[in-house]
Each structure stands twice: as structure tokens, then as C-alpha cells.
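Residue strings, one per chain:
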Amino acid sequence: MRLCMFHPNDQPLERGWVGRIDGDRVVHLAMAAAKLAWADAGEPSVPSDRAGILVRDTRDCLVEGNRLRDVTFGIYLRRSTGCVVRRNDVVAHVTLQSGGGNGVHLWYSPRNRIERNTVRGHRDGIYFEFSPGSIAADNESAQNQRYGLHFMFSDSCRYVSNTFRDNVSGVAVMFSRGAVIHGNRFEHAWGGAAYGLLMKEILGGEVTENVFDGNSTGLHLEGASHLMIRGNTFSHNGWGVRVLASAESDTFTANRFTANAFDVATNSRTACRRASE
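Computed from a predicted model, the values in this text were never measured in an experiment.

### A word on the confidence of the model for the chain
For the chain, mean pLDDT is 84; residues scoring 70 or higher make up 78% of the total. Low pLDDT, under 50, characterises residues 1–18; the predicted model gives this stretch 66 contacts beyond four residues in sequence or across chains. Contacts for the low-pLDDT stretch residues 25–47, under 50 throughout, to residues beyond four places or in other chains number 49 contacts.

### Section: unusual backbone geometry
For Asp60, which is not glycine, the phi torsion reads 55° and is therefore positive. As for its placement among the helices and strands, Asp60 is situated in the loop between strand 4 (51–56) and strand 5 (62–64). The partly exposed category is assigned to Asp60, whose relative accessible area is 31%. Positioned with a positive phi, Gln143 is a non-glycine residue whose angle comes to about 60°. With respect to the helices and strands, Gln143 occurs in the loop between strand 15 (140–142) and strand 16 (147–152). You can call Gln143 partly exposed: its relative accessible area is 47%.

### Some points on the pattern of salt bridges
All chains considered together, the criterion is met by eleven salt bridges. A salt bridge links Asp89 to Arg69; the nearest nitrogen and oxygen atoms lie 2.6 Å apart. Taken together, the residues span a long stretch of sequence, with Asp89 in strand 9 (residues 89–91) and Arg69 in strand 6 (residues 67–69) at a distance of 20 residues. Look at Arg69 and you get buried, because its relative accessible area is 15%.

Calculation notes
- Residues numbered from 1 in each chain as written.
- Predicted model: local features only at pLDDT ≥ 70, side-chain atom pairs only at ≥ 80, totals over all residues.
- Heavy atoms only, no water.
- pLDDT = per-residue confidence, 0-100.
- Contact = heavy atoms within 4.5 Å.
- Helix = DSSP H or I, 4+ residues; strand = E, 2+ residues; numbered from the N terminus.
- Buried < 20%, exposed > 50% of the residue type's maximum accessible area, 1.4 Å probe, protein only.
- Salt bridge = Lys/Arg side-chain N within 4 Å of Asp/Glu carboxyl O.

In C-alpha cells, the structure reads:
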């Protein structure tokens, strides 16, 4: 395994391309070399790869133990595979969804592991796109302006033992197959378009032993089919579970419902094969 490691000991990384892993090369850029661009409204503009740490066209790297503050994208993996992003503290203060990037961002980057990071205050906390076979484990993603976790077109990914809390729109998983979502906490996503977990156009997978607490809707299924939903706890939500007619052949078993305004709601009599407490 080739080790590419950023580990500043004194000052946080701020406002610029402060480090880059590019193929086989590790490039450090001075913080003064590239400042964050600011739009007229006072929010940062969002160029596609402006990041505190940019990992590009790289294999088997390690990004560990960094502290990033008010960068547009925090840690950005672009066409990179087999990397570990671990124990980083990534904080921004974005106030509009259109005004910033994501804390940890994967694009066309399969089979990476994102673990034990803290991400706050970005647009999306953790974002996967076209990044199959990746794992997000033991992360805390909170107070982001859109989603704590957002992934699309990323098959066979695993999301295990993460905490998603106080994100404006909750968590969204879309257009993927074979997702495993186990042992996570989805907390305090409250609003007209907020969900503890939104699953849209998902084929196959498992949602097991998670806690959904204090959300407008705990779990929302839309075009999500052939899922095993087992052993979850739904508490203090507006709706515990909402299942649309487009969600087919899903199995619910051994789930616990307590103190929700409505435990289960659906607009179809045929969407679910079995629902039981």
C-alpha cells in the first residue's frame, strides 16, 4: 500500500487547495497559493475541484488525522480507488445549499473506505457518486445544509454505524443497487422535505438495526424495491415509515415503533409483502 498522508500538527487547513495527491505524486500547496473565491452574495463559489485535500487519479492512499476549516470541498476523491479517509475533522459554515461543496466527496471513485470522520456545516456531509463498493463507517455527519449522506449511482456500498444528526434534509440514497445500511442513527431531520432516510430508485439491499428518532419522516421509500427492512427502531417521528406505491416487494420484520404520530403510511395496498412489529 502506498502511503499518501496529510497530517498538519499546528494550524487547520483553510480556504484553498492546500494539498493534492495527483497520481503517484504528493503535492503540497501553500495556503496563500489559492484562496477561496467568494461570490457577490458573500457565499463561496463552487468550482468542481476546489478542495482542502484533492485526491486525483490515485490508488491505495491514506488521508488521516487532518483538520479542515471553511474549505469549499473538504476531502475530494476524484477517479481514485482503494483509499482510506479516516479520523479527519471537516467543518464549514455554509448557510445556503447553493453556496458550498461537500465535506467528503467521492466521484468515480470505487472501493474506498470513509471511516471515523466528523463532518459539519457543508452542503452534503458525505457524498458518493459513481463510486461502487465503497464503505462509510463510524462517521458523524451533522448540521449540513442539505444531506448528511447523499449517494447516487453507487452499487454495493455499505453504510455502517454512522450518526446523521440535525441535517436540513436528512439522508438520501438514490439510483443504486445492493445498499447495506446497518446500525446507523438518523436523528432530527425536520421539515416539509426532510427525511431520516430517503430511499429512491433503489433495487435490493438491507436496512437493518438502525435508529430513526425525531424526524419528520423516519424512512421514506419511493421506487425502492426488494429491500429487507429488519430490526429498526422508529421513535418520536412524524411518520415512522412512508411507503409509496412505486416501492414493491419490500419486507418489513421485527421493527419497533414508539411515540410516532403515525407509525406506517402508504398510498398502496400492494407495496409491501409483510409488515410486522
